[in-house]
Amino acid sequence: MIDAGSELDPVHPMALPESTERARGLSTAEVAERVARGEVNDVPVRSSRSVAEIVRANVFTRFNLIIGVLWLIMLFVAPIQDSLFGFVIIANTGIGIFQEWRAKKTLDGLAVIGEAKPTVRRDGTAAEISTSEIVLGDVIEMGPGDKVVVDGELTEVDGLEIDESLLTGEADPVLKRRGDTVMSGSFVVAGGGAFTATKVGREAYAAQLAEEASRFSLVRSELRTGISTILKYVTWMMVPTAIGLVISQLVVKEHNLKESIARTVGGIVPMIPEGLVLLTSVAFAIGVVRLGRRQCLVQELPAIEGLARVDVVCLDKTGTLTEGGMDVSEVRTLGDADEEYVHRVLGALGAADPRPNASLQAVIDAYPATGGWRCTHSLPFSSARKYSGAEFDESDGQHSTWLLGAPDVLLSDGDDALTEIERLNEQGLRVLLLARARGDLEADEVSAGAVPTALVVLEQRLRPDAGRTLAYFADQRVSTKVISGDNAVSVGAVAAKLGMAGAEHPMDARRLPGDRDEMAAAVEDNSVFGRVTPQQKRDMVAALQSRGHTVAMTGDGVNDVLALKDADIGVSMGSGSEATRAVAQIVLLDNSFATLPSVVAEGRRVIGNITRVATLFLTKTVYSVLLAVLVVCFQVEYPFLPRHLTLLSTLTIGIPAFFLALAPNKERAHPHFVRRVMRYAVPSGVIAGVATFLTYLLARHHYTGPDALDAETSAATLTLFLVSMWVLAIIARPYTWWRICLVLAMGVAFLIVLAVPWLQTFFALKLVGTTVPWAAVGISVAAAAVLELVWRLIGRRFGV
């Protein structure tokens, strides 16, 4: 610790390392020797899956195995056009691998930018290095907000308090002394110090936990869980239906073996919504890339989806609504205090803290130390205490103890100065109280009886984009709650300047009820809270969650860590403490609160669009299963070859789904993904299947001769295409110019197939006569009308 005259303080423990060698740190030669022995922190912390894992996840799937086997069979028993579905799967899998590889590159690049860089002493010089470069025996410095990256033994302490809650579950900070051990995964709450690394790499206490927690994740989201549930039920339906179809085509009808196999495969393949999983991964991966371009690091992929479901955002004022820096606007002396003397006290307090926070840094900038005072003991700022302090031997030989912190904590309730402070707070100004303590800093009630000496008025810098971001959330019906450790009136004034609703009624968190239900009601009814302790932030998040809210928490300081950890989605600023970046799912590397709407919009785009395309895919699954069941029950030939359903799937699902999945979508995310999708997919699939089978039965009674089956298939294909196109037209709403063009383009493509002779031959599609084709059109129109009615009834019934 240095005093106000910048001289080495012989009393302060920071100036008394256990040995000169340890204080200087390792030499370059010693570092090289340890690296050669493998004593290096080589834990491979990855932000994404490896290329091999990406390939394996996209290629070796249950449905790719089924389709791969069917594809190989078709290559031997049917023309190449009946094997097109296999090439489509290869193309889709390739696209999925490429897109996720792009996402991996983006994540890995951003992870390097956002990586914590501890300060290590080597050759007597302190420098920031990568976590992976730490070796056994390195001397690592720590300050408020720093995460302990390896295990070690403390050699220097200065009021050091460490939070080990992420490891032990105990929320209270632990006061550390020289010689105590520190564990990786904990973080500094207050004070500072240095420790010697005793365990690095995989030997460190939290190494495996940290590696697993920071790994890119594609699971544990409602969307992906819902799709897995759907696929499980599809598999159960597919197996018995496929067995019945095989028996029907091979045994009952006694067809030519190759044609029977081809039509059997034609009935099985469309039951599999193989593109749904792939398209979901692609949509998520593209979302990661898009957010990466905005300097937003998504540490856990489901966070994109989770933030889209959020209906309450809890904001920390400092660093979120306001910029980190502050300026001293004035110092008002109290009583008969001498102004010049007060300035010297402030300068000495600033010099006494080697790791000043934003408030104290503003004081340092305004009142640099003038020398002559020696710090004998210091008390670092703590968000739990809400003040810092120091003891000095002044230049004239007097000894004094000073405190600097929150006025409403240091002053008694009836103090006259509180009226003036309240008025300043109402203007959005932040006020610190300089008070002279009567006893020593080590006293239990050091703040009791402190004599108010001066008010330090600080002006906070508002973020220029904060007002627009708050307005966005209000427009999207997402509640915002400002939760700050500062004075409630001051916080309310800042929020009011940004146009936040409810800012005119700020609430002091010290008056919050302790009961969970009562607290939840108070938090729901109010928008701005001041004097919130770290534990209260955590309790408020839990209270909102108990009312069924999905809560996001933003913050950048160590006092936000517990709440960030417990919130459904934790969002940290890139310039925030290492601890907040470690527990947050999303890190805004550009420190811009205005990036949050982009993350919300990306999540809504992914969820809303995947819900849309899932309805397309599962409509196909339902009508495929229904057609197979009807074929078995009526003991008739399966009407389609694989080439027909490949064509239909490509035009009514594959191509449109790709564009719809990546389109803008601002619809607020709704819960119960599986229920909502099946609510529309089941009736749509049933209507499409029944209409198609009616056309097929009508055609069987109309056509005779050796080519009758081809004519019947063509008529059934026409009906299925038209009904599927109407499903697509409903899902594409609300219409924009490109959505209309997309639907029309698919229709024109099908007409081209029907009109061009060589395409007719390739796809075995040729409409014969006019009676049955026009009947097919009529049945399709009737089915479309029923579809429209059913969708409207469902929408009216369930409100979505």
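Structural data are supplied above this passage.
Numbers given to residues run from 1 along each chain, matching the order in which its sequence is written. Whole-chain, interface and lining totals are the exception, using all residues; otherwise, since this is a predicted model, local features are given only for residues with pLDDT of at least 70 and side-chain atom pairs are given and counted only at 80 or more. In computing side-chain values, all of the structure's heavy atoms are included and hydrogens and water are not.

(A) Region of interest: the packing of aromatic side chains. Each Phe, Tyr or Trp ring (for Trp, its six-membered ring) is paired with any other whose centre lies within 6.5 Å, and the angle between the two planes then decides the class: stacked below 30 degrees, edge-to-face above 60, tilted in between. Summed over the entire model, instances satisfying the criterion amount to twelve aromatic pairs. A ring pair is formed by tyrosine 472 and phenylalanine 473, whose centres lie 5.6 Å apart and whose planes are at 70 degrees; its orientation type is edge-to-face. Note on exposure labels: buried denotes an accessible area under 20% of the residue type's maximum, exposed denotes more than 50%, and partly exposed covers the range between, all computed with a 1.4 Å probe on protein chains only. Overall, the relative accessible area of 22% leaves tyrosine 472 in the partly exposed class. Put simply, the rings of Tyr341, Trp373, Phe392 and Trp402 pair up and form one aromatic cluster.

(B) Quick peek at the pattern of salt bridges. We count a salt bridge whenever a side-chain nitrogen from Lys or Arg sits within 4 Å of a carboxyl oxygen from Asp or Glu. Within the structure shown, the criterion is met by 21 salt bridges. Of the charged contacts in the structure, one is a salt bridge between aspartate 566 and arginine 538, with a shortest N-O distance of 2.5 Å. Taken together, the positions of aspartate 566 in helix α20 (residues 561-566) and arginine 538 in helix α19 (residues 534-546) put the pair 28 residues apart, joining distant regions of the chain. The class of aspartate 566 is partly exposed, set by a relative accessible area of 28%. According to the relative accessible area criterion, arginine 538 is buried, its value standing at 16%. As a salt-bridge pair, glutamate 788 and arginine 733 come within 2.9 Å of each other at their nearest N and O atoms. Separated by 55 residues along the polypeptide, glutamate 788 in helix α28 (residues 771-798) and arginine 733 in the loop between α25 (708-731) and α26 (737-755) bring together distant segments of the chain. For glutamate 788, a relative accessible area of 13% gives the class buried. Put simply, Asp408, Asp508, Arg510, Arg511 and Arg531 are held in one network by salt bridges that share partners. To qualify as a helix, a DSSP run of H or I must reach at least 4 residues; to qualify as a strand, a run of E must reach at least 2; elements of each kind are numbered from the N terminus.

(C) Molecular detail of the pairing of strand β12 (residues 387-393). With respect to burial, β12 is a largely interior element, six of its seven residues being buried. The criterion for strand pairing is that DSSP finds at least two bridges linking the strands in question. Of the pairings in the sheet, the one linking strand β11 (residues 374-382) to β12 comprises six bridges and is antiparallel in character. Following the sheet pairing, serine 382 is matched in β12 by tyrosine 387. Hairpin connection, β11 to β12: the antiparallel pair is bridged by four residues, and lysine 386 has positive phi, about 70 degrees. Pairing geometry for β12 and strand β13 (residues 399-405), over seven bridges, is antiparallel.

(D) Molecular detail of unusual backbone geometry. Cis geometry marks the peptide bond from arginine 733 to proline 734; its omega dihedral reads 0 degrees. The topology assignment puts proline 734 in the loop between α25 and α26. Despite not being glycine, glutamine 295 shows a phi value in the positive range, around 60 degrees. Taking the relative accessible area as the measure of exposure, glutamine 295 reaches 31% and is therefore partly exposed.

(E) Quick look at the environment of alanine 503. Turning to its location among the elements, alanine 503 is positioned in the loop between α17 (488-497) and β17 (507-508). On the basis of relative accessibility, which here comes to 4%, the residue alanine 503 falls in the buried class. For alanine 503 and alanine 488, which are 15 residues apart along the polypeptide, the C-alpha to C-alpha distance reads 9.9 Å. Sequence-distant contacts of alanine 503, that is, excluding residues within four places in its chain, are made with Gly492, Ala495, Ala496 and Val528. What makes two residues a contact is simply this: any of their non-hydrogen atoms within 4.5 Å.

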